[in-house]
Amino acid sequence: MNVRKIVTTVEEIRTEGGREVTPAARIAVVAAVIENPWAGQGFVEDLAPGIDATASDLGALLAPAVLDALGAPAEAYGKAAIVGLDGEIEHGSALIHTLQFGDHFRKAANATTLLPAVEKRGAAGVVFDIPLKHITDATIRSHHQTTEVRITDAPHPDEIVVALAAAAQGRPQQRLAPLSTEQ
């Protein structure tokens, strides 16, 4: 796996709706800009060798980094794969939609739910939103949220940006009733 760079962001929301958020709501994102393992190969029928060579190492790199950046236990999480213009969306999906990748984050966060994801193709600087859901119960509405990400010089046409996001809580000032009230 060839990693060009790692980008880490931490957002801390201290007020929402004109009211203080206590404690401040934190969301961390750690993104790796990597060489697309299938770059320059044209259409590749069997993606398994590239997955085997990349996905687990990528998950092992990103999962502890995003939790360290968050600085608190994760309550919500998500993932993203943004493929450069010379790649296929399937290349990003192949890396992040495997247990080899996702189980690193699930185990580190003591999570049980599927990681919500976004995949897309784009030029350097493309804006993408990472969806987040609760780590053990995807029906908990307060934790359904997104975080916006942009890396100004990535992905290059032959790269993939793979990112993990974690939140220490649900949305600031959330007030929706539980899903069970509508059943």
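Residues numbered from 1 in each chain as written. Predicted model: local features only at pLDDT ≥ 70, side-chain atom pairs only at ≥ 80, totals over all residues. Heavy atoms only, no water.

Caption draft 1: Main features of the nonpolar core. If you look at the biggest cluster of nonpolar residues, it comprises 34 residues, and the most contacted ones within it are Leu-58, Leu-62, Val-66, Phe-101, Phe-105 and Val-162. Only β2 (19–35), α1 (48–70), β3 (76–83), α2 (89–96), α3 (99–109) and β7 (159–167) provide two or more residues apiece to this core. No other element matches α1, which puts nine residues into this core. (Core = buried A, V, L, I, M, F, W, Y, C linked by side-chain atoms within 4.5 Å. Buried < 20%, exposed > 50% of the residue type's maximum accessible area, 1.4 Å probe, protein only. Helix = DSSP H or I, 4+ residues; strand = E, 2+ residues; numbered from the N terminus.)

Caption draft 2: Representation of α2 in the model. Of all eight residues making up α2, six are buried, and the element is well covered by its neighbours. Taken together, the buried positions of α2 are occupied by His-91, Gly-92, Ser-93, Ala-94, Leu-95 and Ile-96. Looking at the buried positions of α2, the neighbouring elements they touch are β2, α1, β3, α3, β4 (117–121) and β7. (Contact = heavy atoms within 4.5 Å.)

Caption draft 3: Highlighting a nonpolar patch on the surface. Judged by side-chain polarity, Met-1, Ile-6 and Leu-61 come together as a nonpolar surface patch covering roughly 250 Å² of accessible area. Following the sequence through the fold, Ile-6 ends up in strand β1 (residues 3–16). Residue Ile-6 is classed as partly exposed on the basis of its relative accessible area of 41%. (Patch = residues over 30% accessible without salt bridge, like charges linked within 9 Å, V, L, I, M, F, W, Y side chains within 5 Å. Areas by Shrake-Rupley, 256 points an atom, 1.4 Å probe, with all protein chains shown as cover. Salt bridge = Lys/Arg side-chain N within 4 Å of Asp/Glu carboxyl O.)

Caption draft 4: Fine view of the environment of Leu-176. Checked against the element boundaries, Leu-176 lands in the segment after β7. In this structure the C-alpha to C-alpha distance between Leu-176 and Ser-142, which are 34 residues apart in sequence, comes to 7.1 Å. Not counting chain neighbours up to four residues away, the residues in contact with Leu-176 comprise Arg-141 and Arg-171.

Any functional reading would require information beyond the geometric quantities listed.
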